[in-house]
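Chain residues, written in single-letter form:
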Amino acid sequence: MPSPESDLLTPADAVEAQVRDYFERLYRPGAAQFHGIVHVAANPISGIIAFSGPMIRAGGGFPVARIGLLAPDGAVTLIGSDDANDTQPQWSPDGRLLAFLSDRDHGAGNFQLMIASADTADRPAAAAPIAGQAVESFTWATDSRRILLESADAGADAAGSAATARIGAGAAERPSWMPTVETGSHDGLWRHAHILDTESGALARVGADGQNVWEADWCGPDAVVAIVSASPTEGGWYQTEIAIAPPAGGAFERFAEVGVELAGVTASPDGNTIAVIEGRFHRTVQLGSLVLYDRATGAAREPDIGAQVSTLAWRDANRLFFAGFAAPGSVAGTLDVASGTTSIEWRASGTGGRKVPYAIPEGRDAVLVPGHAFDRYPYLARSNAAGEQVLLDLTPPDLAPIQARMKPAEVVRWQGRDGLDILGYLAMPEGVKRPPLVAFIHGGPSHLFRDSWSFDNPLAALLVSSGYAVLFPNPRGSSGRGLDFASRVIGDMAGEDVHDILAGIDYVIANHPVDGSRLFVTGGSYGGFMTTWLVGQTGRFQAACAIAPLTDMRSQYFTAHHPEFLSLYSEGDPYDVGGTFDQRSPLAHANKVTTPTLLIAGEMDKTTPPAQAVQFHHALVLADVPTELVLYPEEGHAAARFEAQIDQGTRVLSWFARWRDRN
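Thresholds applied
- Residue numbers run consecutively from 1 along every chain, following the written order of its sequence.
- pLDDT decides what is reported in this predicted model: residues at 70 or higher carry local features, side-chain atom pairs at 80 or more are listed and counted, and totals for whole chains, interfaces and linings draw on all residues regardless.
- By convention in this description, side-chain values take in all heavy atoms of the structure and omit both hydrogens and water.
- Elements are defined by DSSP. Helices are runs of H or I of four residues or more, strands are runs of E of two residues or more, and each kind is numbered from the N terminus.
- The globule rule used here is 2.2 Å times the number of residues to the 0.38 power, and the radius of gyration it is set against is calculated over C-alpha atoms.
- Between buried and exposed lies partly exposed: a residue is buried under 20% and exposed over 50% of the maximum accessible area for its type, with that area taken using a 1.4 Å probe on protein chains only.
- The contact criterion used throughout is that any non-hydrogen atoms of two residues lie within 4.5 Å.
- For the area figures, the Shrake-Rupley method with a 1.4 Å probe applies, and any residue is considered shielded solely by the protein chains shown.
- A 3.5 Å cut-off defines polar contacts: any pair of N or O atoms within that distance qualifies, except that in protein one atom must be a possible hydrogen donor and the other a possible acceptor, and neighbouring residues in sequence count only when both atoms are side-chain atoms.
- In short, DSSP must find at least two bridges between two strands for them to pair.
- Just to be clear on terms, a salt bridge is a Lys or Arg side-chain nitrogen sitting within 4 Å of an Asp or Glu carboxyl oxygen.
- Note on geometry: axes are C-alpha line fits, over the in-contact stretch for helices, and angles between N-to-C directions span 0 to 180 degrees.
- For every residue, the pLDDT score states the predictor's confidence, bounded by 0 at the bottom and 100 at the top.
- Each angle receives one of four descriptions, namely roughly parallel if under 35 degrees, roughly antiparallel if over 145, roughly perpendicular if within 65 to 115, and oblique otherwise.
- The residue classification treats Ala, Val, Leu, Ile, Met, Phe, Trp, Tyr, Cys and Pro as nonpolar and Asp, Glu, Lys and Arg as charged. All others, Gly included, are polar.
- Definition used in this section: a nonpolar core is a set of buried Ala, Val, Leu, Ile, Met, Phe, Trp, Tyr and Cys residues joined via side-chain atoms within 4.5 Å.
- Helix span, as expected, comes to 1.5 Å for every residue beyond the first.
- Taken from the helix axis, the directions to the C-beta atoms give the arc we talk about.

### Some words on the overall build of the protein chain
Here is step 1 of the chain: Summing up its helical and strand segments, the protein chain has 12 helices and 37 strands in all.
Here is step 2 of the chain: The C-alpha atoms of the protein chain give a radius of gyration of 24 Å, which matches the 26 Å a tight globule of 663 residues would have.
Here is step 3 of the chain: In terms of overall dimensions, the protein chain has C-alpha extents of about 70 × 60 × 60 Å along its principal axes.
Here is step 4 of the chain: Counting over 663 residues, the protein chain shows a buried share of 59%.
Here is step 5 of the chain: In the protein chain, 57% of the contacts between residues at least 6 apart in sequence involve partners at least 24 apart.
Here is step 6 of the chain: Total accessible area on the protein chain is roughly 24500 Å²; 50% of this is exposed by carbon and sulfur atoms.

Here you go:
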């Protein structure tokens, strides 16, 4: 591989070769290389660990989800093939059966339930598919016979920031002339709960018409607790409540209405206590405060566990396992609900899971962690009183040249202009004396950066291994530091959070060996919004790259699939001419931009539709500002296809190299 300093000067063809080499080393297409672990489940009898994660096929294309079985002796067996996606493995509580979701024989994205004997996991049988619906998740009952299914109509939108646009993507072909028709009807958009009896095959619906079930769990042996809303749209997710369906079935009945976002609802095995995550976050990045509800009285309390949580699971009726974020690292532990005492069973400067911390309990006090850090490729470990034992290391054999060019990430702390404490991470390249500095801004705004492999975005390690220093700030509005911190962006999008980022850049320049005269900025989603906002406020960046940006609040409100989000976070009104929607839209300030700006979007994106990037690009063209617009026809909110990731990485590196000496 070329040296970091030469990377900044290579011509376009060499950059493409470098980026291709980078992604081939990361993903090893066709080599059955897991490049992450998304789900983990331990068999309570045999000790076999089932896990799932993405791979890239030999021919490239979109990642395929595969399931591996890790035996106690360390051997890994893959089940299924890369012709279909298999994911979310779960053993029955008695260890006899393995259930998982698969789209085999149903079309890409149309997941249905598969069940296999633990002894013949490679020969599963399909449960009766739910007509017109795809299964999104499921939970075994303690009797190891019944399964609670959560499903979505085949036309429903995928999660707000997911890369794909629709549930059940394997749609039948239709004539090229046939129009797409929208009516405003909610038909085909709903999410449901069902109970499957695995022995009889009987399927019973839980809930009633007009109740959208976002998440559900068993509440005792027969009842079901869920997060529901009256609207099935993505915006409806921001208007939810906790509800319980009685053992006899029927409609969900309201249990608690909170007024903030809800996630991770789970009830103790006896059904007496309901745990939930509450806060300001998004459907695919759920990190907030743990709240416990007494089912009999409805009384709520927030135990002090010293962390914001993202994963919940009951070890028994009185002991609640959690994984979460205790800035600046990740933790997992168990709360004794009766006494209120907390035992931290795993703590790391790195993290586990994707996007938010994830781990699962094993036995009485062990933890299984799909861990990783910026300088450590994903692995699976067991943590207990004896320490941490690595069970499976996924590091590709040819990754060393990339890792050798990156230093471990460093925690950095500074203050906003109002004195608020802000933290982030700084990743420095190895062997570069004064590297250029890139500000990499996360989405959300309530997402967060952790010390994670490539900071959950392959562009990050690509930039650092190419000779750039990269700052990953967590400004106000980020998750992980409590409701008050996350709420500080409400009504102030592109306000003080902008100054938090600028202050972080100034801090790094003053305290670290970076080239403060060569600054760049990039980010996706809310990070793309912030990127386009920043170039309209300051000319200090050499170049910018905005990915899936929001650039005009009014058109975003009327074209995205979750307008309620924008109302909530901006506190603006699209009909208030001259109000927040105009004042805080980057497009309204495009006439002040002088920074060369690359805009990237997916044509399938419904979260920030591609027109957001298109109109900002056209505004810059009309103002004679250097700009390029890149639209990927098969991508949604983030580039997922192997070829698109290579192309995007090549364009970003080439764009930054082109303008590195502009000022």
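### Some details on the environment of Ser-339
Here is step 1 of the chain: Tracing the chain through its elements places Ser-339 in the loop between β23 (329-336) and β24 (342-348).
Here is step 2 of the chain: For Ser-339, a relative accessible area of 46% gives the class partly exposed.
Here is step 3 of the chain: As for Ser-339 and Arg-319, which are separated by 20 residues in sequence, their C-alpha atoms are 10.0 Å apart.
Here is step 4 of the chain: Here the side chain of Ser-339 touches Thr-341 through a polar contact of 2.9 Å, side chain to side chain.

### Thoughts on the environment of Val-19
Here is step 1 of the chain: If you trace the backbone, Val-19 turns up in helix α2 (residues 12-27).
Here is step 2 of the chain: In the structure, Val-19 is positioned 92 residues away from Phe-111 in sequence and 33 Å away in space, judged by C-alpha atoms.

### What about the pairing of strand β7 (residues 112-117)?
Here is step 1 of the chain: Buried residues dominate β7, accounting for 5 of its 6 residues.
Here is step 2 of the chain: Taken together, the 6 bridges between strand β6 (residues 97-102) and β7 define a ladder with antiparallel strand orientation. Along β7, the bridge assignment pairs Leu-97 with Ser-117.
Here is step 3 of the chain: Here 2 bridges tie β7 to strand β8 (residues 125-126), and the two strands are oriented antiparallel to one another. What sits directly across from Met-114, in β8, is Ala-126.

### Some details on the pattern of salt bridges
Here is step 1 of the chain: All chains considered together, the criterion is met by 32 salt bridges.
Here is step 2 of the chain: In this structure, Glu-234 and Arg-283 form a salt bridge, with 2.6 Å as the shortest nitrogen-oxygen distance. Here Glu-234, found in the loop between β14 (223-229) and β15 (241-245), pairs with Arg-283, found in the loop between β18 (273-279) and β19 (289-294); they are 49 residues apart in sequence, far enough to count as distant.
Here is step 3 of the chain: Using a relative accessible area of 16% as the deciding quantity, one classes Arg-283 as buried.
Here is step 4 of the chain: In this structure, Glu-261 and Arg-280 form a salt bridge, with 2.8 Å as the shortest nitrogen-oxygen distance.

### Brief notes about the sheet that holds β14
The pairing of strands in a sheet comes from backbone hydrogen bonds and takes either a parallel or an antiparallel form.
Here is step 1 of the chain: Strand order in the open sheet made by the 4 strands is β13-β14-β15-β16, with antiparallel pairing throughout. In this open sheet, the two strands that pair with only one neighbour each are β13 (212-219) and β16 (253-256). The average angle at which neighbouring strand axes cross in this sheet is 35°, direction not considered.
Here is step 2 of the chain: The pairing of β13 with β14 spans 7 bridges and is classified as antiparallel. From the neighbouring strand, Val-213 faces β14, where its bridge partner is Val-228.

### Overview of the sheet that holds strand β3 (residues 60-70)
Here is step 1 of the chain: Strand order in this open sheet of 4 strands is β1-β2-β3-β4, and the pairing throughout is antiparallel. Either end of the sheet is taken by a strand with one partner, and the two such strands are β1 (39-42) and β4 (76-79). Each neighbouring strand pair of the sheet contributes to a mean axis angle of 35°, computed without reference to strand direction.
Here is step 2 of the chain: As defined by bridge partners, strand β2 (residues 49-57) adjoins β3 across 8 bridges and the pair is classed as antiparallel.

### Focus: the confidence of the model for the protein chain
Here is step 1 of the chain: Overall, the predicted model of the protein chain reaches an average pLDDT of 93, with 96% of residues at or above 70.
Here is step 2 of the chain: Low pLDDT, under 50, characterises residues 1-9; the stretch is placed with 27 contacts to residues that sit more than four places away or in other chains.
Here is step 3 of the chain: Throughout residues 160-165 the model reports pLDDT below 50, and contacts reaching past four residues in sequence, or to other chains, amount to 21 contacts.

### Thoughts on the side chain of Thr-650
Here is step 1 of the chain: Looking at where Thr-650 falls in the secondary structure, it is placed in helix α12 (residues 642-658).
Here is step 2 of the chain: Setting aside residues no more than four positions away along its own chain, Thr-650 makes contact with Val-15, Glu-16 and Val-19.

### Some words on the packing of helix α6 (residues 496-511) against helix α7 (residues 526-535)
When two helices pack together, you describe them by how their axes are tilted relative to each other and by the distance separating the axes.
Here is step 1 of the chain: Contact geometry for α6 and α7: axes closest at 11 Å, N-to-C directions at 80°. When the interaxial angle is binned, α6 and α7 end up roughly perpendicular. Touching Asp-497, Val-498, Ile-501 and Leu-502 of α6 are Tyr-526, Met-530, Trp-533 and Leu-534, all from α7.
Here is step 2 of the chain: Split into classes, the residues belonging to the contact of α6 with α7 amount to 7 nonpolar, no polar and 1 charged.

### Details of the nonpolar core
Here is step 1 of the chain: If you look at the biggest cluster of nonpolar residues, it comprises 82 residues, and the most contacted ones within it are Ile-274, Leu-290, Leu-437 and Ile-505.
Here is step 2 of the chain: Beyond its immediate sequence surroundings of up to four residues, Leu-437 is in contact with Leu-426, Ala-469, Val-470, Leu-471, Ile-505, Val-508, Ile-509, Val-514, Asp-515, Arg-518, Leu-519 and Phe-520.
Here is step 3 of the chain: With 67 residues, the next largest nonpolar core counts Val-40, Leu-448, Val-470 and Phe-642 among its residues.

### Section: helix α11 (residues 611-622)
Here is step 1 of the chain: Taking 1.5 Å of rise per residue, the 12 residues of α11 would be expected to cover 16 Å, and the 16 Å separating its terminal C-alpha atoms lies within 8% of that figure.
Here is step 2 of the chain: Turning to α11, its buried residues are Gln-612, Ala-613, Phe-616, His-617 and Leu-620. The arc that holds the buried residues of α11, viewed along the axis, is 125°, so those residues lie on one side.
Here is step 3 of the chain: Along its buried surface, α11 packs onto α7, α8 (553-559), β36 (597-602) and β37 (627-632).
Here is step 4 of the chain: Positive backbone phi, at 60°, marks Asp-624, one or two positions downstream of α11.

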